[in-house]
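What follows is the residue order along each chain.
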Amino acid sequence: MSATAQINTLLEEQVILVDISDRQIGIAEKLQAHRDGSLHRAFSIFVLNSQGQLLLQRRAKHKYHSGGLWTNTCCSHPRPNEMTLDAAHRRLQEEMGFDCELQELFSFVYRANLDHELTEYEFDHVLLGYCDREPVLNPEEAEDWKWIDLKTLQTNIRESPQFYTYWLRDCCDRFITELG
Ligand SMILES: C=C(C)CCOP(=O)(O)OP(=O)(O)O
Ligand SMILES: [Mg+2]
Ligand SMILES: [Mn+2]
């Protein structure tokens, strides 16, 4: 997809604006919400295999922000009138080419100034799933993937944070704690 086509897609896509308790207060165009730094609803999916390794996604270079960085299995935003879990299954299929059962583990709010003068300010629902299948990447979204031990991930994030997305760095320790 060309840069212009991608910008048009972003303008068509809408996100749910929320208050600090995740109550809906409006809707906004996806790109505009990230330009304005408006708090909106999002989800971050973490898929583990039967060895307890996490499936990482490397974001495509041309993503609107955080391109080329390693992150959790899949991230996105529910559309207006779409349940977060429904959106999560939709995006897991669109980005990674598979689907699995998902359940919410916890949620957190974070705010980060990112590249291209965009800001992520999200009420982020962390969703957990288990799967041993290999993903089939959508090149519009992801350019690489790998399974990683959680201990190795923690060490890598500490030693080379520049290769990881802001939100994964922010919630990785909590994810491991909540996993128990
Ligand atoms: C949900 C988080 C933590 C960030 C947004 O994810 P993306 O930037 O991948 O959103 P989409 O383009 O997939 O909607
Ligand atoms: Mg995404
Ligand atoms: Mn967002």
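The structure reproduced in this document is the subject of the present report. Residue numbers run consecutively from 1 along every chain, following the written order of its sequence. Just so you know, chain letters begin at A and ligand numbers begin at 1, following the order they were written in. Per-residue local features of the predicted model are confined to residues with pLDDT of at least 70, and side-chain atom pairs are confined, for both listing and counting, to 80 or more; whole-chain, interface and lining totals are unaffected and use all residues. Only hydrogens and water are set aside when side-chain values are computed; all heavy atoms of the structure are taken into account.

Being near a molecule or strand, for a residue, means having at least one of its heavy atoms within 4 Å of it. Residues in contact with ligand 1 amount to 18 residues; listed here are only the nearest, Lys30, Arg59, Lys63, Tyr64 and Ser76. One nitrogen or oxygen atom from the side chain of arginine 59 is found 2.8 Å from an oxygen atom belonging to ligand 1. A 3.5 Å cut-off defines polar contacts: any pair of N or O atoms within that distance qualifies, except that in protein one atom must be a possible hydrogen donor and the other a possible acceptor, and neighbouring residues in sequence count only when both atoms are side-chain atoms. At a separation of 2.6 Å, an oxygen atom of ligand 1 approaches a polar side-chain atom of lysine 63. Compared with its free state, where it exposes 390 Å², ligand 1 has 98% of that area covered by protein. Buriedness of a pocket was judged along seven lines, with at least five required to meet protein on both sides within 12 Å; pockets are open sets of points on a 1 Å grid over the protein atoms alone, cavities are sets where a 1.4 Å probe fits but cannot get out, and lining residues have an atom within 4 Å of a point. Just a note on the criterion: a molecule sits in a pocket or cavity if more than half of its atoms are within 2 Å of the grid points. The pocket occupied by ligand 1, as judged from atoms lying within 2 Å of grid points, is the largest cavity. For helices the rule is a DSSP run of H or I covering at least 4 residues; for strands it is a run of E covering at least 2, with both sets numbered from the N terminus onward. Going through the elements one at a time, strand S3 (40-48), strand S6 (74-76), helix H3 (84-96) and strand S8 (119-130) are the ones with two or more residues in the shell around ligand 1. Along the lines of polarity and charge, the residues of the shell around ligand 1 split into six nonpolar, four polar and eight charged. For every accessible area listed, the method is Shrake-Rupley and the probe measures 1.4 Å; residues are considered covered only by the protein chains on display. Under the convention adopted here, Pro, Cys and the residues Ala, Val, Leu, Ile, Met, Phe, Trp and Tyr are nonpolar, Asp, Glu, Lys and Arg are charged, and Gly plus all remaining residues are polar.

Glancing now at the packing of aromatic side chains. Geometry of an aromatic ring pair is reported as the spacing of the ring centres plus the angle between the planes. In summary, the pairing rule links any two rings of Phe, Tyr or Trp, Trp by its six-membered ring, whose centres are within 6.5 Å, and it sorts them by plane angle into stacked for under 30 degrees, edge-to-face for over 60 and tilted for everything else. Enumeration over the complete set of coordinates arrives at five aromatic pairs. Ring plane angle 25° and centroid distance 5.6 Å describe the contact between phenylalanine 108 and tyrosine 110, whose orientation is recorded as stacked. Residue burial is assigned from relative accessible area. The probe radius is 1.4 Å, only protein chains are included, and a residue is buried under 20% of its type maximum, exposed over 50%, and partly exposed in between. Overall, phenylalanine 108 belongs to the buried group, its relative accessible area being 10%. The class of tyrosine 110 is buried, set by a relative accessible area of 3%.

A few words now on the coordination of the magnesium ion (ligand 2). For a metal bound by four donors in a tetrahedral arrangement, the ideal donor-metal-donor angle is 109.5 degrees, while six donors in an octahedral arrangement ideally sit at 90 or 180 degrees. Coordination of the magnesium ion (ligand 2) by the protein is provided by Cys75 (O) and Glu95 (OE), with metal-donor distances spanning 2.1 to 2.2 Å. Within this pair, whereas cysteine 75 is found in strand S6, its partner glutamate 95 is found in helix H3, the two being separated by 20 residues in sequence. Since its relative accessible area comes to 2%, glutamate 95 is described here as buried. In this description, a donor is an N, O or S atom within 2.8 Å of the metal centre, a cutoff extended to 3.2 Å for sodium, potassium and calcium. Water is not part of the atom list, which can make sites seem incomplete.

When two cysteine sulfur atoms are found within 2.5 Å, that pair is recorded as a disulfide. The full count for this structure, using the stated rule, is zero disulfides. Free of any disulfide, cysteine 171 has its nearest cysteine sulfur in cysteine 172, 6.9 Å distant. Under the relative-accessibility criterion, cysteine 172 is labelled buried at 3%.

On to helix H4 (residues 150-159), then. Those residues of H4 lying buried are Leu150, Leu153, Gln154 and Ile157. Projected onto a plane normal to the axis of H4, the buried residues spread over an arc of 100° and lie on a single side. Exposed and oriented more than 90 degrees from the buried face of H4 are Lys151 and Glu159. A contact between two residues is defined here by any heavy atoms of the two lying within 4.5 Å. Check the buried side of H4 and you find it contacts strand S4 (54-59), strand S9 (142-148) and helix H5 (166-179). Read the arc as the range of directions from the helix axis to the C-beta atoms.

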